[in-house]
Amino acid sequence: MNGNSKYDREELSAEDIRQKRHREFVGGMWEQVGRLQLDYLISRGLKPEHRLLDVGCGSLRGGLHFIDYLATGNYYGIDVNPSLIKAAEVELTEAGLTAKAPKLIVNGEFAFDRLGDSFDMAVAVSVFTHLPRDQIVRCLKSAASVLGPNAAMYATYFEAPGDAWVDEILHQPGGIVTHHDMNPYHYSRKEVSRMAELGGLSASFDDTWRHPRAQQMAVFQR
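Here's what I pulled together on the structure shown here. (Residues numbered from 1 in each chain as written. Predicted model: local features only at pLDDT ≥ 70, side-chain atom pairs only at ≥ 80, totals over all residues. Heavy atoms only, no water.)

This part is about the environment of Ile169. For Ile169, the location among the structural elements is in strand β6 (residues 169–171). Residue class for Ile169 comes out buried when judged on its relative accessible area of 13%. Those residues within four positions of Ile169 in sequence are excluded, and the remaining contacts are Glu159, Ala160, Pro161, Ile176, Val177, Thr178 and His186. (Helix = DSSP H or I, 4+ residues; strand = E, 2+ residues; numbered from the N terminus. Buried < 20%, exposed > 50% of the residue type's maximum accessible area, 1.4 Å probe, protein only. Contact = heavy atoms within 4.5 Å.)

A word on helix α8 (residues 189–198). Among the residues of α8, Glu191, Val192, Met195 and Ala196 are the ones counted as buried. For α8, the angular spread of buried residues about the axis comes to 140°, placing them on one side. In α8, the exposed positions angled more than 90 degrees off the buried face are occupied by Lys190 and Glu197. On its buried face, α8 is in contact with α7 (133–144), β5 (147–159), β8 (186–187), β9 (202–205) and β10 (216–221). Of the residues one or two after α8, Gly200 is the one with positive phi, at around 85°. (Arc of directions from axis to C-beta.)

It is worth spelling out empty space enclosed by the protein at this point. For the structure shown, the criterion picks out 1 cavity of 30 Å³ or more. If you add up the space inside the largest cavity, you get close to 50 Å³. Every residue along the wall of the largest cavity is listed here: Phe128, Ile136, Leu140, Tyr157, Tyr187, Val192, Met195, Ala218 and Phe220. Of all the secondary structure elements, the ones that give two or more residues to the lining of the largest cavity are α7, α8 and β10. In terms of residue class, the lining of the largest cavity is built from 9 nonpolar, no polar and no charged. (1 Å grid on protein atoms, 1.4 Å probe; cavity = no way out; pocket = protein on both sides within 12 Å on 5 of 7 lines; lining within 4 Å. Points joined across faces, edges and corners; volume = space filled by probe spheres on them. Nonpolar A, V, L, I, M, F, W, Y, C, P; charged D, E, K, R; others polar.)

For α7, with 12 residues, the first-to-last C-alpha span of 16 Å sits near the 16 Å given by 1.5 Å per residue. Taken together, the buried positions of α7 are occupied by Gln135, Ile136, Val137, Cys139, Leu140, Ser142, Ala143 and Ala144. (Expected span 1.5 Å × (residues − 1).)

The following block contains the structure:
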């Protein structure tokens, strides 16, 4: 994840966190997109007893909902930005959820094997949208090593109508402009499937997902 946007380089101050600026820093729509993630994963079979890996957990926009829903100790959040993990800890305390004992880890190399566990589900919302191909393959390869039997990883991306789509794309709703070779990125379904293959997984696509900024959903499984 390193070096692809201001996300991993910019450190939020204690005052920023006190003022809740981290909520906008991770994309805003705090309650809407946070709840959307939980509702979607429940629709895909997430149960309280499942272990969930939240890749790019940020300051727990979705994480607070997951932690509240899951059994104690079953949430693992990983993010490249240390200040967002600090904000996550504040959010966790204010929500009264520290007793649920989530694991919050700072790591920008997708070193999921260091977590010492396997997972029933993984999720990455607004992560692949900021990553070039080699980083996505790295993430998927690492995920493949920790996903349990019949497990799946759900990851959003901006979709292009064809391979190597060099023209900019304006996505509606949301008004986000994406690029072939610059953050934020777009990819065709064929390109996503190829990245999955390189990572040791297969990709399918769920058109029932509805994101307020037109991100699409890919499902990765063994």
